[in-house]
Amino acid sequence: MKLSENFTLLELVKSDAALRLGLDNTPSQGVINNLHALVTHVLQPIREHYGTPVKVSSGFRSNVVNAAVGGAKTSDHMQGFAADIEVPGVTNYDLAKWIQDNLKFTQVILEFYTMGQPDSGWVHVSYDFNNLKNHALTAMKKEGKTIYLTGLVA
């Protein structure tokens, strides 16, 4: 099922963890609707801006898949609001910054980016039409724990 010109439902629900562990990762119609909004308002505009495919490393996660990968208990991935993405040839900082400056979104997180390593980490972006707060964060490790800083920090 196509969600847009360049995105399919399959690529937003594909989960290596689900396949490896034999877990169901089938979305409900409500989740599919949320994924369609995420694609329409965030992922497709990114694709059109950069003119190159957007790599989705994690989209929808069922509750059991989310638990298996150690996701947050309130993760937006479980409602189909979020995706972890990269654009080959674009630093993850630049991608997160472009999203922040050009799109409406719920949250963008620059996750585990290391300056000088352009493809380090990834970008988490979420879109919930009822909660478009354009909240930007940076996730990094400090003393073995994940911490979140306000804003995009390279």
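This text goes with the structure placed above it.
The structure contained in this document is the topic of the report that follows. In every chain, residue numbers begin from 1 and rise along the written sequence. pLDDT decides what is reported in this predicted model: residues at 70 or higher carry local features, side-chain atom pairs at 80 or more are listed and counted, and totals for whole chains, interfaces and linings draw on all residues regardless. As a rule here, side-chain values come from all non-hydrogen atoms in the structure, and water together with hydrogens is ignored.

## Description of the pairing of strand E4 (residues 122-126)
No. 1: The element E4 is extensively covered by neighbouring structure, given that four of its five residues are classed as buried.
No. 2: When DSSP finds at least two bridges between two strands, those strands are taken to pair. Labels follow the DSSP assignment, with helices taken as runs of H or I lasting at least four residues and strands as runs of E lasting at least two, numbered in each case from the N terminus. Here four bridges tie strand E2 (residues 82-86) to E4, and the two strands are oriented antiparallel to one another. The partner of Ala82 across the bridge, within E4, is Ser126.
No. 3: Sheet topology places strand E3 (residues 107-111) next to E4; five bridges connect them, and they run antiparallel. Paired with Val108 across the bridge in E4 is Val125. Note on exposure labels: buried denotes an accessible area under 20% of the residue type's maximum, exposed denotes more than 50%, and partly exposed covers the range between, all computed with a 1.4 Å probe on protein chains only.

## So, unusual backbone geometry
No. 1: A positive phi angle, close to 55°, is found at Phe112, a residue other than glycine.
No. 2: Mapped onto the fold, Phe112 is located in the loop between E3 and E4.
No. 3: Phe112 sits in the partly exposed class, given a relative accessible area of 25%.
No. 4: With a phi angle near 45°, Asn134 is a residue other than glycine that sits in the positive phi range.
No. 5: As for its placement among the helices and strands, Asn134 is situated in the loop between E4 and strand E5 (135-142).
No. 6: Judged by relative accessible area, which is 30%, Asn134 ranks as partly exposed.

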